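Each chain is listed here by its residues.
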Amino acid sequence: MNTYSTISKAYDLLDRTYFAEKGNNPRKVIQELIPDASVKVLDMCCGTLSNTFSIAKMSNLIKITGVDISEEMLSVAKKKCQDAHLQNVCLRCEDATNTKIENETFDYVVIGLVLHESSPKLRQEIINEAYRVLKKDGKLIVLEWEQQKSLIWKIKFFPLYVTESMGCLSFKNFYKCNKEIYFNQFNFLMKKEISCNYSVVMEFEKSLL
Ligand SMILES: C[S@@+](CC[C@H](N)C(=O)[O-])C[C@H]1O[C@@H](n2cnc3c(N)ncnc32)[C@H](O)[C@@H]1O
């Protein structure tokens, strides 16, 4: 049994604890980056669909595919979609490093709050898979924890910082690294970086090989 099978039902509390304060809610920032138009969006490691549930509700034209390895997280996502009668979401229980999706399928790939808790190898494989399934002019949107600037935010973020550090050996390195340089290694060019509550939303384009 992995962590997410235990915490799936309580996972959405994270949003109420860390993102609902006055300020920039990263989920809303992601929503604003996706146009209300006929686009295909892949939510990689979608969990309970925290990033794309509200996007799916915006328009039936937007087709969302959510991929996650945890059946428990996906079953929370599925219940949310059923309750909201959403027809434009397809959920798949797959490893994000091998989605079996055709090359260059999506206009947008969203990767939220998973890279910091992945080993360097897993992180690399997830990003390479995102590159593969993204259209040439597609965009990668990444949500990650940001280094806290003010003392009060550092204090409030501290419990999460400790939990994440204990959960993954490479957390601190990734948390502190320059994301523009990091993603450049995988042929992604940073186009936007939007500071949000405790977190940052980044938008990347493919640099064509
Ligand atoms: C912290 S949650 C993030 C959920 C959501 N993306 C968000 O922004 O809140 C991390 C998710 O990544 C999933 N995950 C971890 N490794 C994965 C893999 N190799 N393939 C697919 N999903 C994976 C976990 O099951 C979990 O649902």
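Residues numbered from 1 in each chain as written. Predicted model: local features only at pLDDT ≥ 70, side-chain atom pairs only at ≥ 80, totals over all residues. Heavy atoms only, no water.

Draft legend 1. Layout of the nonpolar core. Ranked by size, the top nonpolar core spans 38 residues in total, and within it Ile34, Val41, Ile141, Trp145, Phe157 and Val201 carry the most contacts. Looking at this core, the elements that each hand over two or more residues are α2 (13-19), α3 (26-33), α4 (53-58), α5 (71-83), β4 (106-112), β5 (134-145), α7 (151-167) and α8 (171-176). The element contributing the most residues to this core is α5, with four residues. Ile141 has contacts with Ile30, Leu33, Ile34, Tyr108, Val109, Val110, Ile111, Val201, Met202 and Glu203, leaving out every residue within four places of it along the chain. (Core = buried A, V, L, I, M, F, W, Y, C linked by side-chain atoms within 4.5 Å. Buried < 20%, exposed > 50% of the residue type's maximum accessible area, 1.4 Å probe, protein only. Helix = DSSP H or I, 4+ residues; strand = E, 2+ residues; numbered from the N terminus. Contact = heavy atoms within 4.5 Å.)

Draft legend 2. Focus on the side chain of Lys80. Relative to the helices and strands, Lys80 resides in helix α5. A relative accessible area of 19% means that Lys80 is categorised as buried. The residues touching Lys80, leaving out its near neighbours within four places in the chain, are Asp12, Thr48, Leu49, Ser50 and Phe53.

Draft legend 3. Region of interest: unusual backbone geometry. Residue Lys100 is not a glycine yet carries a positive backbone phi of 65°. Looking at the element boundaries, Lys100 is found in the loop between β3 (89-93) and β4. The residue Leu113 is not glycine, and still its phi comes out positive at about 55°. The residue Leu113 is located in the loop between β4 and α6 (120-133) in this model.

Draft legend 4. A look at the pattern of salt bridges. A complete count under the given rule lists twelve salt bridges for this structure. In this structure, the salt-bridge partner of Lys156 is Glu21, at a minimum N-O distance of 3.3 Å. One end of the pair, Lys156, is in helix α7; the other, Glu21, is in the loop between α2 and α3, and 135 residues separate them in sequence. Glu21 sits in the partly exposed class, given a relative accessible area of 24%. Residue Arg92 pairs with Glu94 through a salt bridge whose shortest N-O separation is 3.0 Å. (Salt bridge = Lys/Arg side-chain N within 4 Å of Asp/Glu carboxyl O.)

Draft legend 5. Molecular detail of the site of the ligand. The environment of the ligand is formed by 20 residues, the closest being Tyr11, Cys45, Asn51, Asp68 and Ala96. At 2.9 Å from an oxygen atom of the ligand is found a side-chain nitrogen or oxygen belonging to Arg27. One of the backbone N or O atoms of Ala96 is found 2.8 Å from a nitrogen atom in the ligand. The fraction of the free accessible surface of the ligand (600 Å²) that becomes covered by protein chains is 94%. Its residues placed into classes, the shell around the ligand shows ten nonpolar, five polar and five charged. (Near = heavy atom within 4 Å. Polar contact = N/O pair within 3.5 Å; in protein donor to acceptor, adjacent residues only side chain to side chain. Areas by Shrake-Rupley, 256 points an atom, 1.4 Å probe, with all protein chains shown as cover. Nonpolar A, V, L, I, M, F, W, Y, C, P; charged D, E, K, R; others polar.)

Draft legend 6. Fine view of α3. Residues Pro26, Arg27, Val29, Ile30 and Leu33 constitute the buried set of α3. Looking straight down α3, one finds that the buried residues subtend no more than 160° of arc, so they occupy a single side. Set apart from the buried face of α3 by more than 90 degrees, the exposed residues are Lys28 and Glu32. On its buried face, α3 sits against α2, α4, β4, β5, β6 (188-196) and β7 (199-206). Taking the backbone nitrogen of Arg27 as reference, a side-chain oxygen 2.9 Å away marks Asn25 as the first, capping residue of α3. (Arc of directions from axis to C-beta.)

Draft legend 7. Just the sheet that holds β6, in detail. Across the sheet, which stays open at both edges, the seven strands sit in the order β3-β2-β1-β4-β5-β7-β6 with mixed pairing between neighbours. This sheet does not close on itself; its edge strands, each paired only once, are β3 and β6. Averaged over all pairs of adjacent strands, the angle between their axes in this sheet comes to 20°, without regard to strand direction. Sheet topology note: the strand β2 (residues 63-68)/β3 ladder contains five bridges and is parallel. When the bridges of β3 are listed, Thr65 appears paired with Cys90. Strands β1 (40-44), β4, β5, β6 and β7 of the sheet are contacted by α6, whose axis makes an angle of about 150° with β5. (Pairing = 2+ DSSP bridges. Axes fitted to C-alpha atoms, helices over the stretch in contact; angles between N-to-C directions.)

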